[in-house]
Amino acid sequence: MPPVRSSAPVRLSGLELRVLHLPLVSPFTTSFGTEDVREVIVVRARTADGDGWGEVVTQHAPLYSSEYTHGAWDALRRWLIPALLDRPTIAAEEVGGVLAPFVGHRMAKAGLETAVLDAALRAEGRSFAAYLGAERDRVPAGVSVGIQRDPAALVQAVGGYLDEGYARIKIKIKPGRDLADTAAVRDAFGMIPLQVDANSAYTLADADLLAELDRFDLLLIEQPLQEDDIVDHAALAARLRTPVCLDESIVSAKAAADAIALRAASVINIKAGRVGGYLEAVAIHDLCRAAGLPVWCGGMLETGIGRAANAALAALPGFTLPGDISASSRFYERDIVTEPVVLDDGHVRVPTGHGLGMEIDEAALDAFTVQRETIAR
Ligand code: NPG
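Residues numbered from 1 in each chain as written. Predicted model: local features only at pLDDT ≥ 70, side-chain atom pairs only at ≥ 80, totals over all residues. Heavy atoms only, no water.

Draft legend 1. The packing of aromatic side chains, seen in detail. Overall, the coordinates contain 7 aromatic pairs when judged by the stated rule. Their ring planes at 40° and their centres at 6.0 Å tell us that W79 and F102 sit as a pair that is tilted. With a gap of 23 residues between them, W79 in helix 1 (residues 69–85) and F102 in the loop between helix 2 (92–99) and helix 3 (106–124) connect regions that are remote in the sequence. Classification of W79 by relative accessible area gives partly exposed; the value is 46%. Looking at F102, the relative accessible area reads 25%, which means it is partly exposed. A centroid spacing of 6.3 Å and a plane angle of 15° characterise the contact between F128 and Y131, whose relative ring orientation is stacked. Of this pair, F128 and Y131 both sit in helix 4 (residues 128–132), 3 residues apart, roughly one helical turn. Overall, the relative accessible area of 0% leaves Y131 in the buried class. Through successive ring pairs, a cluster of aromatic residues spans F28, F331 and Y332. Over the ring of W296 we find R168; its NZ or CZ atom is 5.1 Å from the centre of that ring. (Phe/Tyr/Trp six-rings, centres within 6.5 Å; stacked < 30°, edge-to-face > 60°. Helix = DSSP H or I, 4+ residues; strand = E, 2+ residues; numbered from the N terminus. Buried < 20%, exposed > 50% of the residue type's maximum accessible area, 1.4 Å probe, protein only. Lys NZ or Arg CZ within 6 Å of the ring centre and 35° of its normal.)

Right under this line is the structure:
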């Protein structure tokens, strides 16, 4: 039976926002910079029937997209949260519509929608996985490996993750750190499931170079060009044998439909934060499935909140490629949930508890909080 994706309205008494600083176990380097602390906003939706949790996956600086922590914080407290509190009650499925007049700020909106959804499902005693229509009780775990000091260090890092059992490796690339890095991983480990992520670091003028990646039989190349380079991505895709996957460009179901129509992508990375929430993420899943495009669940270095939600999303039937769904220990020594996500035989478990299926470790949450504000009715 198809899932009924509808939940009971909740009466919000207020929303608590916190900025957390979570130390990473090792620095994470992409084409746009290096992070050694994850800055993230955690949202607590307070209702008479209990709390719900969400996470705003912005970073400290607007380098991946235009959103960043303190921009999101301002939009949340000034515009988005007052709009939700203006309603006597609200259902999670109404959050997107209520916030739609405010342009952009999708990661902030996603954090709010998730917190309302978690509160509603906990009150109803339903799991997020059941609500979404998840069809698996565990999902294969891929890992994203940042740019290392040199190809030898990359081989060492990848070897460690393969030993842990990860089912697929993604390496970050950028100009000057592409062919040799990819060759080193292929030479060391043979035909492991391998893909590369450029985070928009190239232009169409690099097409000849990117075509040289074809010889590595990669699962895909992710977001080689800029966010708004849809037509250029289509031109590039026509030149490559490696499937082109879009991440940053796909900010909505409409953007996904356009990219598919223009043949700019043959695979899509779905991140709830990037598209404004899990409901929009499911809409993208549904349309890609109808169009025959494989999708996979991206990651934004989530805490245990987003990690639990992502595992449920990735259990939908169209997620046919392993996602960036790693164990919490890939990034964090200490998470903010009582049972952090673990790797088991290359998979992570889809939570079955009420709501998102995780419990907050309040002591850890407090320990990592650097800023806090409650906006009440
Ligand atoms: O497993 O959570 C994870 C990280 C996956 O590489 C990853 N995320 O471009 O997809 C990305 C990248 C990212 C992380 C982008 C943080 C922006 C912020």
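That covers the picture; the talk isn't over yet.
Draft legend 2. Local environment of the sheet that holds strand 13 (residues 369–376). Strand order across the open sheet formed by 4 strands is 3-2-1-13, with antiparallel pairing between neighbours. Each edge of the open sheet is held by one strand with a lone partner, namely strand 3 (50–56) and strand 13. Taken over all neighbouring pairs, the strand axes of this sheet differ in orientation by 20° on average, direction set aside. Across 7 bridges, the pairing between strand 2 (residues 33–47) and strand 3 is antiparallel. Looking at the pairing, T47 lines up with G50 of strand 3. (Pairing = 2+ DSSP bridges. Axes fitted to C-alpha atoms, helices over the stretch in contact; angles between N-to-C directions.)

Draft legend 3. Molecular detail of the environment of F28. Residue position: F28 is located in strand 1 (residues 12–30). Residue F28 is classed as buried on the basis of its relative accessible area of 8%. Measuring from C-alpha to C-alpha, the distance between F28 and M191 comes to 25 Å, with 163 residues separating the pair along the chain. The residues contacting F28, other than those within four sequence positions of it, are G33, T34, E35, S144, V145, G146, K172, L301, R330 and F331. (Contact = heavy atoms within 4.5 Å.)

Draft legend 4. Just the side chain of H233, in detail. With respect to the helices and strands, H233 occurs in helix 8 (residues 230–239). A distance of 3.0 Å separates a polar side-chain atom of H233 from the backbone nitrogen of L225. Residues within four places of H233 in sequence aside, it is in contact with Q223, P224, L225, Q226, V244, L246, S249 and A264. (Polar contact = N/O pair within 3.5 Å; in protein donor to acceptor, adjacent residues only side chain to side chain.)

Draft legend 5. View of the environment of S144. Position of S144 among the secondary structure elements: in strand 5 (residues 142–145). For S144 and T374, which are 230 residues apart along the polypeptide, the C-alpha to C-alpha distance reads 34 Å. With near-sequence residues (within four places) excluded, S144 lies in contact with F28, K170, K172, D324 and R330.

None of the figures reported here should be taken as evidence of function without further support.
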